[in-house]
Amino acid sequence: MAYGYISSALMWSAFAAVLLTGAAQFASAESQNLETDDVWVVEGETATISCRVKNNDDSVIQLLNPNRQTIYFRDVRPLKDSRFQLVNFSENELRVSLTNVSLSDEGRYVCQLYTDPPQEAYADLTVLVPPGNPIMEAEEDVVTEGNETEMSCTTSSSKPPAKIRWLKGAQELQGVSHVEASYDSMYTVSSRVRVTVTKEDDGVAVRCVVEHPAIKDFTAQKILEVQYKPEVKISVEYPKGLTREGENLELTCRTRGKPQPQEVSWMKVDDDVPPHAVITGSELYIENLNKSFNGTYRCVAANSIGEAYDDYILYVYDAPTTPPPPSTAPPTTITTTPLPDTTQESVPSSDPALHDSRAGEGVQRSVDHAVIGGVVAVVMFAILCALIVLGRYFARHKGTYFTHEAKGADDAADADTAIINAEGGVTHSDDKKEYYI
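Residues numbered from 1 in each chain as written. Predicted model: local features only at pLDDT ≥ 70, side-chain atom pairs only at ≥ 80, totals over all residues. Heavy atoms only, no water.

With respect to the overall build of the protein
A tally of helices and strands in the protein yields 3 helices and 25 strands. The 437 residues of the protein split such that 29% are buried. Taking the intrachain contacts of the protein between residues at least 6 apart in sequence as the baseline, contacts between residues at least 24 apart amount to 62%. Taken as a whole, the protein presents about 28800 Å² of accessible surface, with 54% of it coming from carbon and sulfur. (Helix = DSSP H or I, 4+ residues; strand = E, 2+ residues; numbered from the N terminus. Buried < 20%, exposed > 50% of the residue type's maximum accessible area, 1.4 Å probe, protein only. Contact = heavy atoms within 4.5 Å. Areas by Shrake-Rupley, 256 points an atom, 1.4 Å probe, with all protein chains shown as cover.)

Printed below as a string of structure tokens:
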């Protein structure tokens, strides 16, 4: 037990001596303004170590290697390593270069000023070893829309360890990294990332970016190949406006998918396609439309991933009314203001409501039977309302009316007696006389 106590005391005494020595050296360096800088250098390149003194009192400057061997004493090189070369020597600076730096050169170099006691300053030389080219691997080469895939990226033989970042296009991805150290203080770094893909990711690059202080950035990438089921849109080639009786209809089914759809078919929902309709691949053509063709027409496309469809609702209107022949009356000049052209091309969409032929625009404003019927109904309703209003008016203003019938005639047995009994019936016949001059 006594032996252990003595060993511990000696250890702490030695540690305290080292601390005191370091403090004394630091204080001396401060008093002499002895300065140097840490150096980072890439393996194989050149490092420069500078020992600088302010207010030098003609003391000698020398540079020692990590093994405390003198590299330069003033401007003389005792060490037989020709890679060390004098760059500058003066009473205030000793600057030395080291070419073709290797890992064995790494360590703490000592700038020493010969005073009593000597003062020292330390420059740590760190050798950087750039990583090797990144190796990128994918779990699968082709990914189906909606699935998840894993990618890995590995870079080896670097010092210090490299950092790996992931990018999908311009989007940063979160990966999981693992660092492994080798026996020679080199590092291998690997990183994995999982990505859920959509059809928009087809052709997008996923990049593995390796960051290290010895290099600018290393990059490896893989282009995503995503398979997805078809996209289907029906476009109306003709007509551009309302579909009317006697006209033709031409529809085109536009598809996109990966792989490209090989099967494109047409059908009529809840009915058969008209027998004289012509189907050529993705095109449907119907001549001489009539109202029996009304209904929903569907284009279906399929590939190895799945199938999709788009609908078009056909509604056939009456043919335009033929205008009456011109009369023999002399022509009359009529000034008209042209209406603005509202013709628009129908834009296909996957929404069935937007593929309805009843929603056409840009046709001529001809008289339709439905419009005439509506006008007649409005006129008849107005006349009926007027008659009702007049009837109520006369009913409210009905009064008592008096006639000039003779009094007492009500009790007479017959007409002759009534005339005789009437007051003033004939007795007043003399009241009105006519005179002729």
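A closer look at the sheet that holds strand β17 (residues 205–211)
Taken in spatial order, the 4 strands make up an open sheet running β14-β13-β17-β18, and their pairing is antiparallel. The open sheet has two free edges, formed respectively by β14 (171–173) and β18 (218–223), since each of these has just one partner strand. Sheet twist, expressed as the average angle between the axes of neighbouring strands with direction ignored, equals 25 degrees. Where strand β13 (residues 163–168) meets β14, 3 bridges bridge the pair, whose relative direction is antiparallel. Bridging across to β14, K168 finds its partner in Q171. (Pairing = 2+ DSSP bridges. Axes fitted to C-alpha atoms, helices over the stretch in contact; angles between N-to-C directions.)

Section: the packing of aromatic side chains
Summed over the entire model, instances satisfying the criterion amount to 2 aromatic pairs. Residues F73 and Y114 carry aromatic rings whose centres are separated by 5.8 Å and whose planes lie at 75 degrees to one another, so their mutual orientation is edge-to-face. Residue F73 is found in strand β5 (residues 70–73), and its partner Y114 is found in strand β8 (residues 107–114); the two are separated by 41 residues along the sequence. Judged by relative accessible area, which is 34%, F73 ranks as partly exposed. Summarising the aromatic geometry, the rings of Y315 and Y317 are spaced 4.9 Å apart at their centres and angled 75 degrees between planes, so their arrangement reads as edge-to-face. One cation-aromatic arrangement involves R108 over Y122; the distance from NZ or CZ to the ring centre is 5.1 Å. The lysine or arginine in question, R298, covers the ring of Y309, its NZ or CZ lying 4.0 Å from the ring centre. (Phe/Tyr/Trp six-rings, centres within 6.5 Å; stacked < 30°, edge-to-face > 60°. Lys NZ or Arg CZ within 6 Å of the ring centre and 35° of its normal.)

By themselves, these figures tell us nothing about what the structure is for.
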